[in-house]
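Chain and residue survey
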Amino acid sequence: MSLYAESKAYLIAKLKEAGVKSKPYTTIKGLGKSQESHVSAVIFEKEAISRNGSKKLYKDQQGAQKKRRKVFNRDLTFTVTIGDYTDDAVEAIYEKFLEILDRGIWVNGDHVPIEVEAADWVDKDDSILKAQVAVQVAITFQGGLYRDTDFGPLT
């Protein structure tokens, strides 16, 4: 699976585990049309890409030494939204969600650190949501694109 798909699926699973009852929305359009007060969403925001030339040596399963080069950093940011009828209900789910977030996930054998960036609390008067209160938190998955190479023969 790809970094994007794994990251999104991970956040949706954690929302369910934290106590969200309905299926989280994955588009702004769907979220805006929602008539629910108990609502959640995982919306992709942006991907920051930068070159990276770091190298790491490792041994594959057959014991052959390999060189892994990180070609690009890929930082994917999602906005997770949790909305409900009361401040207490939102905060209970939000705190449980943060509590069960791992420090990172494994995607295609690579560890991808997870960073919680910032949270924004919104009141029903400041939002398109039908929820009385909602919290939106930015979560970034710090992945990369790698190239593996063998060592050349020694002469």
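A short tour of the structure in this document, coming up. Computed from a prediction, not measured in an experiment: that's the story for all the values here.

**Some details on helix 1 (residues 3–18)**
With 16 residues, helix 1 should cover 22 Å at 1.5 Å per step; its first-to-last C-alpha distance of 22 Å lies within 8% of that length. For helix 1, the full list of buried residues reads L3, S7, Y10, L11, K14, L15 and A18. The buried residues of helix 1 occupy one face: seen down the axis, they fall within an arc of 135°. Immediately downstream of helix 1, the backbone of G19 shows phi near 120°, a positive value.

**A word on helix 3 (residues 87–100)**
End to end, helix 3 covers 20 Å across 14 residues, agreeing with the expected 20 Å (1.5 Å per residue, within 8%). Burial in helix 3 covers these residues: V90, I93, Y94, F97 and I100. Looking straight down helix 3, one finds that the buried residues subtend no more than 140° of arc, so they occupy a single side. Among the exposed residues of helix 3, those oriented more than 90 degrees off its buried face are D88 and E99. In this structure, the buried side of helix 3 is in contact with helix 1, strand 3 (65–84), strand 5 (110–123) and strand 6 (133–150).

Reading the values: the criteria
- Residues numbered from 1 in each chain as written.
- Predicted model: local features only at pLDDT ≥ 70, side-chain atom pairs only at ≥ 80, totals over all residues.
- Heavy atoms only, no water.
- Helix = DSSP H or I, 4+ residues; strand = E, 2+ residues; numbered from the N terminus.
- Expected span 1.5 Å × (residues − 1).
- Buried < 20%, exposed > 50% of the residue type's maximum accessible area, 1.4 Å probe, protein only.
- Arc of directions from axis to C-beta.
- Contact = heavy atoms within 4.5 Å.

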